[in-house]
Amino acid sequence: MAGQAILSARGLTRDFRGFRAVDGVDLDVAAETVHALVGPNGAGKTTLFNLLTGFLPPSGGRIELDGRDVTGLPPERVARLGVARSFQITSLFPQLGAREHVELALQSSSGLGWRFWRSAKLMRRYRERAAELLDMVGLADLAEAPAEALAYGRKRALELAIALALDPKVLLLDEPTAGMGLEDVDRTVELISTVRTGRTVVMVEHNMSVVGRLADTVTVLQAGKVLVEGPYEQVRADERVITAYLGAADAAH
Amino acid sequence: MTERTERSEGREGMPGQHGMSATVDTKAPPARSGLLAVARAPGWVRYALLAVGLLVALWLPNGLYPAVAVDILCWALFAVSVDLLLGFTGLMSFGHAAFWGTSAYLTGLVAIHAGLPFPAAVLAGALGAALLALPIGYLAVKRTGIYFAMVTLAFAQMVYYVANEWRSVTQGENGLQGVPRAFFGADLTDDYYFYYAILPIVLLGLFAAWRIVHSPFGRVLVGIRDNPARARALGYPVHRYKLTAFVLSGFLAGLGGGLFAVGHRFVSLDVLHWTTSGKAVIVVVLGGIGTLWGGVLGAALVVRLEDWLSFSGFEAIGLVTGGIFVLVVLLFRRGLWGTVAHLLRRRGAARRE
């Protein structure tokens, strides 16, 4: 085991008007592992993601990043502390080009974004790195395309590129392969296995073959609670999981 | 700017480029399409446009009543300040009269009591407006959409009532009279010469707006406008960026309002009235949201039209400007500048194919 937990939650809870979407979740994500969150729809995976990244304040519980209490911090602070995320529903700047997305992401850790009296040409300092990242996710040819003109799979790739541009310690990917064709799925799996070096990846994923190929640890959520946690092979064989979810999903593949 | 030209090649050839304008129309303000149409034009076109603009600005008081030309300059700054928020940050301020008017009063008071040269008084007014924008913006930027508009309107109304009640300072309904145009002994009583005295200040203000839009900060603003959640996930403190944009916008609005006060040598409560905020938004929408120069064009047209209507003794000016506003919104959603830029761009794209 790569050892210590870099991201952990204790008793994490979130209520939505009487509905408890996340219910006392304890989670320990070990550093430099790939940790998958699976579970049926409505199990609270995306809510958990939003809690971990500050997009939702928890109703109860505590979140620690690298031993530091980050409970209730706003998303931009969590991001600056080294947690980058992608969104389940592609979330880009429709009118900006792919390269501009990556440049904005690269710029965010500097103070350059505040320089309203300087020329935007200063952002050229990020051009080379942006080109590298776009090349990495297979978008080199589409660097100038406005995001809204990209095909779905390409948008997902761009999401990944801008998350990587933040050079995060922890990368949270919300269904990185959702809606992708087989070829794109393979490419994404390959990409994640490349970029995981030196990083921690937490991913929500429905595609069990993707989970099997990438994840060191799998946490199964059901109705906002942790049902089972362990290595993929073990979780997959667990009776409760088969009943709850995995059996049906596996049979479908 | 050159950067834009470079990238244009790749973008024009993109599939889906034409479909884009349709979605842009309904969803986000058509900012980039308008802005880029000019920005991606060849360098000589942009310089030619700039030269024409400057020539028109230099000629203006010869073709119009100088007093009207002065008003156009002031309103151009005001419109651009509103567009900075509306077109480039995605915030619709319906209370910008608070900054225009506060600066008008401050400028008037400083000019009357301190006897400073008018640019110093205007600067003091604009700084005062920016200072006022800080608390108002702080509270407003936490809201979005119509709620942001309502909060700004509410604060502007508060400022209006304070000015109305605080007669010892603002002279209430009588207004501040006799705002001097002091400028190192130069005689600027003639509006014709006053126009040329304020032109450099206005151009400086317009340049500042252009610089802000085309700065790294401006890029972040556009990102925030299009997808604030994503901007936050990238680590950008969205509220603070919006607040900074709001204060900068308040300063520019104040610059216009201060010049307006000196231009009229008189400040009345009208400068703080909500209809003044509304007119600023109308001017921007007419000219083209997110085009920057559209606001200048809109200001010229609206101010000229209103002057013409009132000169011909027409009472219901609002009926005409309102009617035109509705027509433009229905027929040319990109506004005047935005529509022209869009047509030019389409022609340019067609020629290349």
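Residues numbered from 1 in each chain as written. Chains lettered and ligands numbered in written order. Predicted model: local features only at pLDDT ≥ 70, side-chain atom pairs only at ≥ 80, totals over all residues.

1. Regarding the overall build of chain B
Here is step 1: When its secondary structure is counted, chain B shows 17 helices and two strands.
Here is step 2: For chain B, buried positions account for 52% of its 353 residues.
Here is step 3: The contacts in chain B between residues at least 6 apart in sequence include a share of 79% that link residues at least 24 apart. (Helix = DSSP H or I, 4+ residues; strand = E, 2+ residues; numbered from the N terminus. Buried ≥ 20, exposed ≤ 12 C-beta atoms within 10 Å, placed from the backbone. Contact = placed C-beta atoms within 7 Å.)

2. Comments concerning the nonpolar core
Here is step 1: In terms of nonpolar packing, the biggest core is built from 186 residues, with Val-102 and Ala-161 of chain A together with Ala-76, Ala-79, Val-80, Leu-252 and Ala-299 of chain B touching the most fellow members.
Here is step 2: The biggest single contributor to this core is helix H5 (residues 66–86) of chain B, with 16 residues.
Here is step 3: Mapping this core onto the domain boundaries places at least three of its residues in each of domain 1 (1–82 + 169–253) and domain 2 (92–167) of chain A.
Here is step 4: Setting aside chain neighbours within four positions, we find Ala-79 of chain B in contact with Ala-280, Val-283, Val-284, Gly-287, Gly-295, Val-296, Gly-298 and Ala-299 of chain B. (Core = buried A, V, L, I, M, F, W, Y, C linked by C-beta atoms within 7 Å. Domains from an automatic or database assignment.)

3. Regarding the interface of chain A and chain B
Here is step 1: Contacts between the two partners involve 36 residues from chain A and, on the opposite side, 35 residues from chain B.
Here is step 2: Elements that contribute at least two residues to the side of chain A that touches chain B include exactly helix H2 (75–80) and helix H3 (98–107) of chain A.
Here is step 3: Top element by residues in the side of chain A that touches chain B is H2 of chain A. It accounts for four residues.
Here is step 4: Residues that form the side of chain A that touches chain B fall into these classes: 20 nonpolar, eight polar and eight charged. (Nonpolar A, V, L, I, M, F, W, Y, C, P; charged D, E, K, R; others polar.)

4. Here's the deal with the UniProt feature "transmembrane region" (unreviewed entry) in chain B
All names here are of chain B.
Here is step 1: Under the UniProt annotation, the feature "transmembrane region" (unreviewed entry) is placed at residues 44–61, 122–141, 146–163, 193–213, 243–262, 282–302 and 314–332.
Here is step 2: Between the end C-alpha atoms of residues 44–61 the distance is 27 Å, and the span holds 100% helix and 0% strand.
Here is step 3: Annotated as 100% helix and 0% strand, the span residues 193–213 places its first and last C-alpha atoms 31 Å apart. (UniProt positions renumbered as here; feature names shortened; annotations may be inferred.)

5. Observations concerning the packing of helix H15 (residues 293–311) of chain B against helix H16 (residues 317–331) of chain B
All names here are of chain B.
Here is step 1: The interhelical angle for the contact between H15 and H16, taken along N-to-C directions, is 145°, at an axis separation of 10 Å. For H15 against H16, the interelement crossing comes out right-handed. For the pair H15 and H16, contact is made by Val-302, Leu-305, Glu-306, Leu-309 and Ser-310 and by Ile-317, Val-320 and Thr-321, respectively. (Axes fitted to C-alpha atoms, helices over the stretch in contact; angles between N-to-C directions. Left-handed = near helix turned anticlockwise from the far one by under 90°.)

6. Focus on the environment of Gly-115 of chain B
Here is step 1: One can find Gly-115 of chain B in the loop between helix H6 (97–114) and helix H7 (118–140).
Here is step 2: In this structure the C-alpha to C-alpha distance between Gly-115 of chain B and Phe-155 of chain B, which are 40 residues apart in sequence, comes to 30 Å.

7. Some details on the sheet that holds strand S1 (residues 5–16) of chain A
All names here are of chain A.
Here is step 1: Sheet architecture is open: four strands sit in the order S2-S1-S4-S5, paired in antiparallel fashion. Of all strands in the sheet, those bounded by a partner on one side alone are strand S2 (19–30) and strand S5 (68–69).
Here is step 2: Sheet topology note: the S1/S2 ladder contains eight bridges and is antiparallel. What sits directly across from Ala-9, in S2, is Leu-27. (Pairing = 2+ DSSP bridges.)

8. Some details on the domain arrangement of chain A
Residues and elements named next belong to chain A.
Here is step 1: Considered domain by domain, chain A is made up of domain 1 (1–82 + 169–253) and domain 2 (92–167).
Here is step 2: Between the C-alpha centres of domain 1 and domain 2 the distance comes to 26 Å.
Here is step 3: Contacts between the two partners involve ten residues from domain 1, matched on the other side by nine residues from domain 2.
Here is step 4: The element best represented in the side of domain 1 that touches domain 2 is helix H6 (residues 182–195), accounting for four residues.

9. Considering the pairing of strand S8 (residues 200–204) of chain A
Residue and element names in this part refer to chain A.
Here is step 1: When you tally the buried positions in S8, you get five out of five residues, the bulk of the element.
Here is step 2: Burial of the side chains of S8 extends over both faces: Thr-200, Val-202 and Val-204 are buried on one face and Val-201 and Met-203 on the other.
Here is step 3: Sheet topology places strand S3 (residues 34–38) next to S8; four bridges connect them, and they run parallel. From the neighbouring strand, His-35 faces S8, where its bridge partner is Val-202.
Here is step 4: In this fold, the crossover linking strand S7 (residues 170–174) to S8 by way of H6 has right-handed handedness. (Right-handed = clockwise from strand over helix to strand, strands pointing away.)

10. Overview of the packing of H5 of chain B against helix H14 (residues 274–287) of chain B
Residues and elements named next belong to chain B.
Here is step 1: It is the contact of H5 with H14, at a shortest axis distance of 9 Å, that shows an interaxial angle of 80°. Considered as vectors, H5 and H14 are oriented roughly perpendicular to each other. Between H5, through Trp-75, Phe-78, Ala-79, Val-82, Asp-83 and Leu-86, and H14, the contact on the second element is made entirely by Ala-280, Val-281, Val-283, Val-284 and Gly-287.
Here is step 2: The class makeup of the residues in the contact of H5 with H14 is nine nonpolar, one polar and one charged. (Parallel < 35°, antiparallel > 145°, perpendicular 65-115°, else oblique.)

11. Observations regarding helix H5 (residues 152–165) of chain A
Residue and element names in this part refer to chain A.
Here is step 1: Over its 14 residues, H5 runs 20 Å from end to end, which matches the ideal 20 Å to within 8%, given 1.5 Å per residue.
Here is step 2: Counting buried positions along H5 yields ten of 14 residues, so the element is predominantly enclosed.
Here is step 3: For H5, the elements touching its buried residues are strand S6 (83–85), H3, helix H4 (127–136), S7 and H6.
Here is step 4: After H5 finishes, the residue Asp-167 shows a positive phi value of roughly 45°. (Expected span 1.5 Å × (residues − 1).)

12. Let's talk about the sheet that holds strand S9 (residues 217–222) of chain A
All names here are of chain A.
Here is step 1: In spatial order, the strands read S6-S7-S8-S3-S9-S10; together these six strands make up an open sheet with mixed pairing. Pairing within the sheet leaves two strands with one partner each, and these edge strands are S6 and strand S10 (225–230). Across the sheet, the axes of successive neighbouring strands diverge by a mean angle of 20°, strand direction being ignored.
Here is step 2: Across five bridges, S9 lies against S10 in antiparallel orientation. Note that in S10 the partner of Gln-222 across the bridge is Lys-225.

13. Topic: the pairing of S7 of chain A
Residues in a regular strand project their side chains so that they alternate between the two faces of the sheet.
All names here are of chain A.
Here is step 1: Burial runs high along S7: five of the five residues are buried.
Here is step 2: Side chains Val-170, Leu-172 and Asp-174 of S7 all project onto a buried face; the interleaved residues Leu-171 and Leu-173 project onto the opposite face, where all are buried too.
Here is step 3: Relative to S8, S7 is paired through five bridges, and the arrangement is parallel. The residue of S8 that forms the bridge with Asp-174 is Val-204.

14. Describing the confidence of the model for chain A
Here is step 1: When pLDDT is averaged along chain A, the result is 87; 95% of the residues meet or exceed 70.
Here is step 2: Mean pLDDT across the elements of chain A bottoms out in helix H10 (residues 246–252) of chain A (50) and peaks in S8 of chain A (94). (pLDDT = per-residue confidence, 0-100.)

15. Considering H4 of chain A
Residues and elements named next belong to chain A.
Here is step 1: All of the buried residues in H4 are Ala-130, Leu-133 and Leu-134. Take H4 and look down its axis: the buried residues cluster within an arc of 100°, on one side only.
Here is step 2: Backbone geometry just downstream of H4 places Gly-138 in the positive-phi region, at approximately 80°. (Arc of directions from axis to C-beta.)

16. Here we look at the confidence of the model for chain B
Residue and element names in this part refer to chain B.
Here is step 1: In the predicted model, chain B carries a mean pLDDT of 83, and the fraction of residues at 70 or more is 86%.
Here is step 2: Within chain B, the element-level pLDDT minimum falls on helix H2 (residues 17–26), averaging 31, and the maximum on helix H13 (residues 238–264), averaging 96.
Here is step 3: We note a pTM of 0.85 for the whole complex and an ipTM of 0.85 for its interfaces.

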